[in-house]
Structure formats: structure tokens, C-alpha cells
Amino acid sequence: MTPRPTALITPTELADRLAGHIAPTLIDVRTPAEYETAHIPGSINIPLPLVQQQATDLAGELAGPVVLVCQAGTRARTAHAALSTAGVQQLTVLDGGIAAHTTAGQPVRRGRPRWALERQVRLVAGGLVAGSVLASLRFPRARFLAGAVGAGLTTAALTDTCAMGAALSKLPYNRSDHPVTLPTAVQALRSAGHTAS
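Computed from a prediction, not measured in an experiment: that's the story for all the values here. (Residues numbered from 1 in each chain as written. Predicted model: local features only at pLDDT ≥ 70, side-chain atom pairs only at ≥ 80, totals over all residues. Heavy atoms only, no water.)

**So, the domain arrangement of the protein**
Spelled out, the test is: Each domain span listed reflects an automatic or database assignment of domains.
In terms of domain boundaries, the protein breaks down into domain 1 (8-114 + 179-195) and domain 2 (117-161). Put simply, the middle of domain 1 and the middle of domain 2, counted by C-alpha atoms, are 31 Å apart.

Okay, structure coming up:
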């Protein structure tokens, strides 16, 4: 099955649906650390790598409308592709992610502050480029590192993926004291009462 085009929902439309008769299941695909920093009340954290690895099992647990959330929308679109390929029917993505939701004045539950994954990528990429340019003054071949980072960022933009972000998401800083696994994700979905079971 091929993925369907991504349907988007604005923060205001999401607020209306959450107040409606049949509220959608909110799945936040950011890292556990990002989720702990700030998330939409009632959302369930299932990080993108887990969604991609277990899309078929998760699809079997989802019934009714589902809204996918991330920091800005990119990871949620990737999750949308994985879940729609696995057969989930009523999928939408929060346009602009948690950033747009917060800017629109919609409620978020806050915890210990940590940097969003996209911000971490910008810091690491910028640091590598600046460092390699400075190092190239003494070691001319160091400039190739800047070129490699630039090529990686270009590839990330063209493919709408980010290898650096995927690598950073595995660091201890981006983990939680309560890791999300398939059993804990399924239990959270079932506890929320939005599952197919």
C-alpha cells in the first residue's frame, strides 16, 4: 500500500476537534525529552523511530481519527507516510507542529526544558562547519568536513529526512527515564480508549 498525501490540520482546527464529540488520538512523534519539555495535554508519545519500526503493529491498535504531532511538522509527515502505508485511514498532521500550536496560544503541558531536536541539529551542524573552516586555516583538508556537512544538510532537505537528527535522538540527553517501547505505546493507546481493540 502506498502512503496517502498528507492531510494537515491547523492548531485552531485541532482545538475544535479536541472539544468535539469524537476527539482524535494525538500521537507526538518527538523524542521523549522533547515531549517532556512541552506537549499537548492528552497526547501520547511514540517517537518516530518506533513508529517507523512498528508501524504495522501500531496500525492494528489505531481506530478513528489520529493527529500526528512533532516540533515543526517534518517528523509527523514521515510518521504519516509509515502509518498510512501500514493501513491507518484517518490520519492528519498538525501543521507547524507543537511550535505553531504554542504560538497560536493553545495549551501545552510543560516539564523540564530541553532543546528541540531541530535546534540541536542546527547547533551541531553549525559547530562542525565553523570548526572545520577555522581548522582549515592550519589544516587545509579540514574544509572538506564543511563540504560534507553542507552536502548532508542538502540531502536532508531534498529527502525530508535527517541522519544527524536520527543520530542525535539516540543520545542520553534526548532520552527519558521512562523509555517508550511498543508495549508501553500500545498500553498508552489502550488506556486512552482510542484503539481498535
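**Regarding the nonpolar core**
Basically, it comes down to this: The term nonpolar core refers to a set of buried residues drawn from Ala, Val, Leu, Ile, Met, Phe, Trp, Tyr and Cys, joined through side-chain atoms within 4.5 Å. Partly exposed describes any residue whose relative accessible area lies between the buried limit of under 20% and the exposed limit of over 50%, with all areas from a 1.4 Å probe on protein chains only and scaled to the type maximum. Only DSSP runs of H or I with at least four residues qualify as helices, and only runs of E with at least two residues qualify as strands; both kinds are numbered from the N terminus onward. Throughout, a contact is declared for two residues whenever any of their heavy atoms are within 4.5 Å.
By size, the foremost hydrophobic cluster in this structure holds 23 residues, and its most contacted members are Ile27, Val29, Ile46, Leu68 and Leu83. Going through the elements one at a time, helix H3 (48-53), helix H4 (55-59), strand E5 (66-69), helix H5 (74-85), strand E6 (91-94) and helix H10 (182-192) are the ones with two or more residues in this core. Not counting chain neighbours up to four residues away, the residues in contact with Ile27 comprise Ile44, Ile46, Leu62, Val66, Val67, Leu68, Val69 and Leu189. Counting eight residues, the second-largest nonpolar core is a separate cluster that includes Ile9, Leu14, Leu26 and Ile40.

**What about the pairing of E6?**
Test applied: Here, any two strands with at least 2 DSSP bridges between them count as paired. The handedness rule is simple: strands pointing away from the viewer, and a clockwise path from the first strand over the helix to the second, make the crossover right-handed.
Burial along E6 is two-sided: the residues Leu91 and Val93 and Thr92 and Leu94 are all buried. Sheet topology places strand E1 (residues 8-9) next to E6; two bridges connect them, and they run parallel. Residue Leu8 lies in a different strand from E6, and its bridge partner there is Val93. Taken together, the three bridges between E5 and E6 define a ladder with parallel strand orientation. Bridge pairing in E6 places Val66 opposite Leu91. Handedness of the E5-H5-E6 crossover: right-handed.

**What to know about the pattern of salt bridges**
Definition in use: For this document, the term salt bridge refers to a Lys or Arg side-chain nitrogen within 4 Å of an Asp or Glu carboxyl oxygen.
The final tally for this structure, using the stated rule, is five salt bridges. The shortest N-O distance in the salt bridge between Arg75 and Glu118 comes to 3.0 Å. Of this pair, Arg75 sits in helix H5 while Glu118 sits in helix H7 (residues 117-136), placing them 43 residues apart in sequence. On the accessibility criterion, Arg75 (11% relative accessible area) is buried. Among the ionic pairs, Asp95 bridges to Arg77, the shortest N-O distance being 3.8 Å. Within this pair, whereas Asp95 is found in the loop between E6 and helix H6 (97-103), its partner Arg77 is found in helix H5, the two being separated by 18 residues in sequence. Overall, Arg77 belongs to the partly exposed group, its relative accessible area being 28%. Within the structure, one salt-bridge network assembled from shared partners comprises Glu34, Arg75 and Glu118.

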